[in-house]
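These are the residues of each chain, in order.
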Amino acid sequence: MKTIYDHYMANPPITEDGHRKKGNFSQHAFWIGFDGGKAMGEPTSNARLAWQAGRDTAKAMEGEK
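Asker: Please clarify how the side chain of arginine 48 should be interpreted in this entry.
Answerer: By the secondary structure assignment, arginine 48 is in helix α3 (residues 46–64). Buried and unpaired, arginine 48 has no salt bridge, with glutamate 42 as the nearest side chain of opposite charge at 6.5 Å. Once you skip the residues sitting within four places of it in the chain, arginine 48 turns out to touch Ala39, Met40, Gly41, Glu42 and Pro43.

Asker: Can you walk me through the packing of aromatic side chains in this structure?
Answerer: The relation between two aromatic rings is expressed through the spacing of the ring centres and the mutual angle of the planes. The tally for this structure, following the rule as stated, stands at four aromatic pairs. Aromatic pair tyrosine 8 and phenylalanine 30: ring centres 5.6 Å apart, planes at 70°, arrangement edge-to-face. One end of the pair, tyrosine 8, is in helix α1 (residues 4–10); the other, phenylalanine 30, is in helix α2 (residues 25–34), and 22 residues separate them in sequence. You'll find tyrosine 8 and phenylalanine 30 in the same group, each marked buried. Arranged with centres 6.3 Å apart and planes meeting at 20°, the rings of phenylalanine 30 and phenylalanine 34 form a pair that is stacked. Here the residue phenylalanine 30 and the residue phenylalanine 34 both occupy positions in helix α2, the gap between them amounting to four residues, near one helical turn.

Asker: What's the story with the confidence of the model for the protein chain in this structure? I'm lost.
Answerer: Where the model shows low pLDDT, its predicted coordinates should not be examined in detail. This prediction gives the protein chain a mean pLDDT of 94; 97% of its residues lie at or above 70. When pLDDT is averaged over each helix and strand of the protein chain, the minimum, 94, is found for α3 and the maximum, 97, for α2.

Asker: Would you mind going over the nonpolar core with me for this structure?
Answerer: Within soluble globular proteins, side chains that are nonpolar generally end up buried alongside one another. Within the largest apolar cluster, ten residues are counted, these being Ile4, Tyr8, Ala29, Phe30, Trp31, Met40, Ala47, Ala50, Trp51 and Ala53. Secondary-structure elements contributing two or more residues to this core are α1, α2 and α3. Ranked by residue count, the leading element in this core is α3, at four residues. Not counting the four nearest positions on each side in its chain, alanine 50 is found in contact with Ile4, Tyr8, Ser26, Ala29 and Phe30.

Asker: What is the right way to look at the environment of isoleucine 32 in this model?
Answerer: By the secondary structure assignment, isoleucine 32 is in helix α2. Given a relative accessible area of 26%, isoleucine 32 falls into the partly exposed group. Separated by 22 residues in sequence, isoleucine 32 and glycine 54 place their C-alpha atoms 7.2 Å apart. The contact partners of isoleucine 32, leaving out residues within four places of it in the chain, are Gly37, Lys38, Met40 and Trp51.

Rules behind the numbers
Residues numbered from 1 in each chain as written. Predicted model: local features only at pLDDT ≥ 70, side-chain atom pairs only at ≥ 80, totals over all residues. Heavy atoms only, no water. Helix = DSSP H or I, 4+ residues; strand = E, 2+ residues; numbered from the N terminus. Buried < 20%, exposed > 50% of the residue type's maximum accessible area, 1.4 Å probe, protein only. Lys, Arg positive; Asp, Glu negative; His and termini not counted. Salt bridge = Lys/Arg side-chain N within 4 Å of Asp/Glu carboxyl O. Contact = heavy atoms within 4.5 Å. Phe/Tyr/Trp six-rings, centres within 6.5 Å; stacked < 30°, edge-to-face > 60°. pLDDT = per-residue confidence, 0-100. Core = buried A, V, L, I, M, F, W, Y, C linked by side-chain atoms within 4.5 Å.

Structure representation (structure tokens):
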């Protein structure tokens, strides 16, 4: 079973026109992590997993430069 971390690593929350999608707490947490903000949510929550996915996505993008 995939977690929200796996889902957001494969499919970041972006709208069809390329803007950031922040419609719920997990999507918002992803972008906070992506921007290097403080951890969000409880350690085992979906919000924390989304935040970690955002952080790891940003790190992966840095490695591509």
